[in-house]
Amino acid sequence: MSTFRTPRRRARLALAAAITVAAALTGPVSQAAPATSTAPSPGAPGLGDPIFPLDGNGGYEVGRYTLDFDWQAPRTPFEASATIRATATQALSRFDLDFAGNTLHSVTVNGKTATTVRDGDELVITPKAALPRGKAFTVKVTYTADPTRIRHRDDAIEDYGWIPTPDGTVLYPQPDGAKMIFPSNDHPSRRAPITFHITTPAGLSAVANGKLTGRTEQADGRVKWTYDSEQPLATQLAQLAIGRFTFVDGTGPHGLPLRDVVPDDLVAPTEEYRKLTADHIAWLEERLGPYPFDRYGVLVGDTDLGVALETQSLSLVPKADLLGTRVDAERNLVHELVHQWTGDSVGIKTWSDLWLSEGHARFYERQYSQEHGGDDFETTMKTAYTSHDQWRHDYGAPAEPTEPNLFKRMRYDGSALVLFALREKVGEETFGKIERAWVTTYKGKTASTQDYVDLASKVAGEDLDGFLHPWLYGAKTPPMPNHPDWVVAPVQG
Ligand SMILES: [Zn+2]
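Residues numbered from 1 in each chain as written. Predicted model: local features only at pLDDT ≥ 70, side-chain atom pairs only at ≥ 80, totals over all residues.

If you look the chain up in an unreviewed UniProt entry, it shows as Aminopeptidase N from Streptomyces siamensis. Quoted straight from UniProt, the Sequence similarities (unreviewed entry) entry for the chain says "Belongs to the peptidase M1 family." You can read under Catalytic activity (unreviewed entry) in the UniProt record for the chain the words "Release of an N-terminal amino acid, Xaa-|-Yaa- from a peptide, amide or arylamide. Xaa is preferably Ala, but may be most amino acids including Pro (slow action). When a terminal hydrophobic residue is followed by a prolyl residue, the two may be released as an intact Xaa-Pro dipeptide." (UniProt positions renumbered as here; feature names shortened; annotations may be inferred.)

Structure (structure tokens):
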């Protein structure tokens, strides 16, 4: 996501100090069955992420989500269901889904009513019969969705979950708000395709990630829209929007289908900047290779929320971002577009790897901006260098975030600076090869900080672990290669 025009709020330092989760993502936390055990046992309630240890679940992998939403009106509860096709990775006596808010009605497993307990954001499901390891199974959850349940973070995320618009909604699931939309395996390392069925009142339109595969008018005048995400996606990158929309179709490089989704009265006011998307894609393809999905578009958010989000194949960009200066608009548009390569196609393995997603987005956003009337890139990096020890102190080193400061400046300019340092170290040509290798090797996969360090070392033909480790971890900012005059300001407070 990006919010560079949004004023920063104060870090919740007390919370930052309180939350220090040391668990590494080596496997599901607790309760997991030993590999040798064949007796059914409970799936782990979380994947042990260093930031959000209970997000995601152990014991199964989701193959597809099929979601039904019977939308009524903004801020109005409505009926919904989720059908989840999954495969057990251990013999399961019970398992969890991540689910928050909403009113639960029923859960079946393979068509039979299951016993359920809601425990915080965990929906604990005990099927009538244990699930054998390696076997597919189907969970169906029916519920009344509650779009008034919104959560808030005091970093760049602000509000997340269902975000209301005057006549509908957009989604802001990042970082762990998909569980407020549908029951899921809500962690960025887990991805599955999604089929969306969205029924709207006459006169409204629905859109979601991927391709429109059906639009049926019902006898009562309501309209059922079906979308297929095409590629698997992480739950935090799901998008589903409802409103009085105009669909603006276009064509990008190599015939790539472009589809902007714009509130009717914002089509003309936002056209000047939206029509730059094809040029943005061409500029990025020169640096990162082919665009990774089957289509792209901008969803213009009719909301005052000051945050854009890289929802897969359909970036959410608030209207204010498209009604200001061209430099500001292009920074946001390019930032979310970069994420389609890094963050969406190349996913992150844990939330501690977020610097890879946001650092890359900011790195290319700033380079593009320099070439198109914005700030000088090196000057912005020198400014970030000056603050880097302070940011390490306040927000954690680039690859060492804690929960309250996950989406703070260190993950943006502070992490772009790590990539700048690497480019200074290995040279522009080798850096370009590392970047191409990165988005190619891990296309459609998840990758960790160590994966990036290892790949950079391999491409550069030198062990870069000793160079990158101090940049990514620890309290002190290393010297900047080629810039011995750059100075880090002392830490205050
Ligand atoms: Zn971003």
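## Overview of the UniProt feature "domain: Peptidase M1 membrane alanine aminopeptidase" (unreviewed entry) in the chain
Here, UniProt's "domain: Peptidase M1 membrane alanine aminopeptidase" (unreviewed entry) annotation points to residues 279-471. Annotated as 57% helix and 6% strand, the span residues 279-471 places its first and last C-alpha atoms 33 Å apart. (Helix = DSSP H or I, 4+ residues; strand = E, 2+ residues; numbered from the N terminus.)

## Focus: unusual backbone geometry
Look at the link from Gln-174 to Pro-175: it is a cis peptide, with omega at 0 degrees. As for its placement among the helices and strands, Pro-175 is situated in the loop between strand S12 (169-172) and strand S13 (191-192). The backbone phi angle of Glu-230 is positive, close to 65 degrees, even though this residue is not glycine. Counting through the fold element by element, Glu-230 comes out in the loop between strand S17 (223-228) and strand S18 (233-234). Take Glu-230: there are 17 C-beta atoms within 10 Å of it, and that puts it in the partly exposed class. With a phi angle near 70 degrees, Asn-482 is a residue other than glycine that sits in the positive phi range. Relative to the assigned elements, Asn-482 resides in the segment after helix H10 (465-472). For Asn-482, a count of 11 C-beta atoms within 10 Å translates into the label exposed. (Buried ≥ 20, exposed ≤ 12 C-beta atoms within 10 Å, placed from the backbone.)

## Comments concerning helix H5 (residues 354-371)
Between its first and last C-alpha, H5 extends 26 Å over 18 residues, near the 26 Å set by a 1.5 Å rise per residue. In terms of burial, H5 is a largely internal element, 15 of the 18 residues being buried. Following H5 by one or two positions, Gly-373 has its phi on the positive side, about 90 degrees. (Expected span 1.5 Å × (residues − 1).)

## Description of the nonpolar core
Residues Leu-171, Ile-198 and Leu-299 are the most contacted members of the largest nonpolar core, which totals 123 residues. It is helix H7 (residues 413-426) that contributes the most residues to this core, eight residues altogether. Those residues within four positions of Ile-198 in sequence are excluded, and the remaining contacts are Phe-69, Trp-71, Ala-206, Ala-208, Trp-225, Leu-240 and Ile-242. (Core = buried A, V, L, I, M, F, W, Y, C linked by C-beta atoms within 7 Å. Contact = placed C-beta atoms within 7 Å.)

## Description of the confidence of the model for the chain
For any part of a model where pLDDT is low, the fine detail of the predicted coordinates should not be relied upon. Scored by pLDDT, the chain comes out at a mean of 93, with 93% of its residues at no less than 70. Considering only residues more than four positions removed or in separate chains, one finds that residues 6-28, a stretch of pLDDT under 50, has 40 contacts. (pLDDT = per-residue confidence, 0-100.)

## Considering the pairing of strand S16 (residues 211-217)
Counting buried positions along S16 yields zero of seven residues, so the element is predominantly exposed. Pairing analysis gives six bridges linking S16 to S17, with the strands arranged antiparallel. Across the sheet, residue Arg-215 finds its bridge partner in S17, namely Trp-225. In textbook terms, the turn of a hairpin is the stretch between consecutive antiparallel strands, and for S16 and S17 this stretch comprises five residues, one of which, Gly-221, has a positive phi near 90 degrees. (Pairing = 2+ DSSP bridges.)

## Regarding the domain arrangement of the chain
You can read the domains of the chain as domain 1 (46-242), domain 2 (244-345) and domain 3 (348-472). On a C-alpha basis, the centroid separation for the pair domain 1 and domain 2 is 25 Å. Taken residue by residue, the interface counts 27 residues in domain 1 and 21 residues in domain 2. Of the residues contributing to the side of domain 1 that touches domain 2, the split by class is 13 nonpolar, nine polar and five charged. (Domains from an automatic or database assignment. Nonpolar A, V, L, I, M, F, W, Y, C, P; charged D, E, K, R; others polar.)

## With respect to the pairing of strand S5 (residues 103-109)
Alignment of S5 against strand S9 (residues 136-145), held across six bridges, turns out to be antiparallel. From the neighbouring strand, Val-107 faces S9, where its bridge partner is Val-141. Taking the residues between adjacent antiparallel strands as the criterion, S5 and strand S6 (residues 112-113) are bridged by two residues, where Asn-110 takes a positive phi near 50 degrees.

## Here's the deal with the sheet that holds strand S8 (residues 122-126)
With respect to topology, four strands assemble into an open sheet ordered S1-S4-S8-S7, the strand pairing being mixed. The outermost strands of the open sheet, each flanked by one partner alone, are strand S1 (41-42) and strand S7 (115-119). Pairing between strand S4 (residues 92-98) and S8: four bridges, direction antiparallel. Following the sheet pairing, Leu-97 is matched in S8 by Leu-123.

## Topic: the environment of Arg-259
Residue position: Arg-259 is located in strand S21 (residues 257-263). Separated by 191 residues in sequence, Arg-259 and Asp-68 have C-alpha atoms that sit 23 Å apart. The residues contacting Arg-259, other than those within four sequence positions of it, are Phe-247, Asp-249, Arg-295 and Gly-297.

## Describing the environment of Ala-278
Locating Ala-278 in the fold gives a position in helix H3 (residues 277-288). For the pair formed by Ala-278 and Thr-383, sequence separation is 105 residues and the distance between their alpha carbons is 31 Å. Setting aside residues no more than four positions away along its own chain, Ala-278 makes contact with Gly-250, Gly-252, Pro-253 and Leu-258.

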